[in-house]
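# Chain and residue survey
Listed here are the chains, written in short residue letters.
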Amino acid sequence: MTEVKQKSGLIWLVLSLLLFAVDYITKAVVVANMKLYESIEILPIFNFTYMHNYGAAFSFLSDAGGWQRWFFSSIAVLISLLLTYWLKKLPAKNWVLCGAYSMVIGGAIGNLVDRLVHGYVVDFLHFYYQDWHYPAFNVADIAIVCGAGLLLLDAFTGEGADGSQEKKA
């Protein structure tokens, strides 16, 4: 009996690379063409606003004195390594989990490069309504959130690790 070898989920790292590239390029364009805190109105509820984030989501720990740079960098490396290991174990046809892991990896690496190169993360996507402002974010953050959303989707739909549909009780 011959055993058919399935493609590993590592092929999905191409998506991680693509997301990293889009994140890197958009940040480079913002840094090259805008001054810090400069804001360009795109829509009445959306601006490009160039900001530095020394912390994590919603500027968590942004004023912690500098140690958070290495802490968040370490977390990004560990999570990326763990997700890459899990990708290797998954069949490439499991698009939900492979997509989720690769999106999180691409976003984590995008923000990691910022932290290592600049000491902060470049944010520029800024939504607001009147006096309410959502914290600025970037393409890497979008990738991480979308990856987390796919993980939730997988938790509720029950696609198995092999890519088959499992029935949830």
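Residues numbered from 1 in each chain as written. Predicted model: local features only at pLDDT ≥ 70, side-chain atom pairs only at ≥ 80, totals over all residues. Heavy atoms only, no water.

### Regarding the sheet that holds strand 1 (residues 39–43)
- In space, the four strands of this open sheet follow the order 1-2-3-4, with antiparallel pairing throughout. Among the strands making up the open sheet, the edge pair consists of strand 1 and strand 4 (132–133).
- As paired strands, strand 3 (residues 121–129) and strand 4 are joined by two bridges and run antiparallel to one another. Pairing of Y128 across the sheet is with H133, part of strand 4.
- Together, strand 2 (46–53) and strand 3 form the strand contacts of helix 3 (residues 95–118), whose direction differs from that of strand 3 by roughly 120°. (Pairing = 2+ DSSP bridges. Helix = DSSP H or I, 4+ residues; strand = E, 2+ residues; numbered from the N terminus. Contact = heavy atoms within 4.5 Å. Axes fitted to C-alpha atoms, helices over the stretch in contact; angles between N-to-C directions.)

### Concerning helix 2 (residues 67–89)
- Look at helix 2: 34 Å from first C-alpha to last across 23 residues, which is about the 33 Å you get at 1.5 Å a residue.
- The set of residues buried in helix 2 consists of Q68, F72, S73, A76, S80, L83 and L87.
- Where the residues of helix 2 are buried, they touch helix 1 (13–33) and helix 3. (Expected span 1.5 Å × (residues − 1). Buried < 20%, exposed > 50% of the residue type's maximum accessible area, 1.4 Å probe, protein only.)

### Considering the packing of aromatic side chains
- Under the definition given, this model contains 10 aromatic pairs.
- Aromatic pair F20 and Y24: ring centres 5.9 Å apart, planes at 35°, arrangement tilted. Here F20 and its partner Y24 are both found in helix 1, four residues apart, which amounts to about one turn of the helix.
- Given a relative accessible area of 47%, Y24 falls into the partly exposed group.
- Ring centres of F127 and F137 lie 6.1 Å apart, and the angle between their planes is 10°; this geometry places the pair in the stacked category. (Phe/Tyr/Trp six-rings, centres within 6.5 Å; stacked < 30°, edge-to-face > 60°.)

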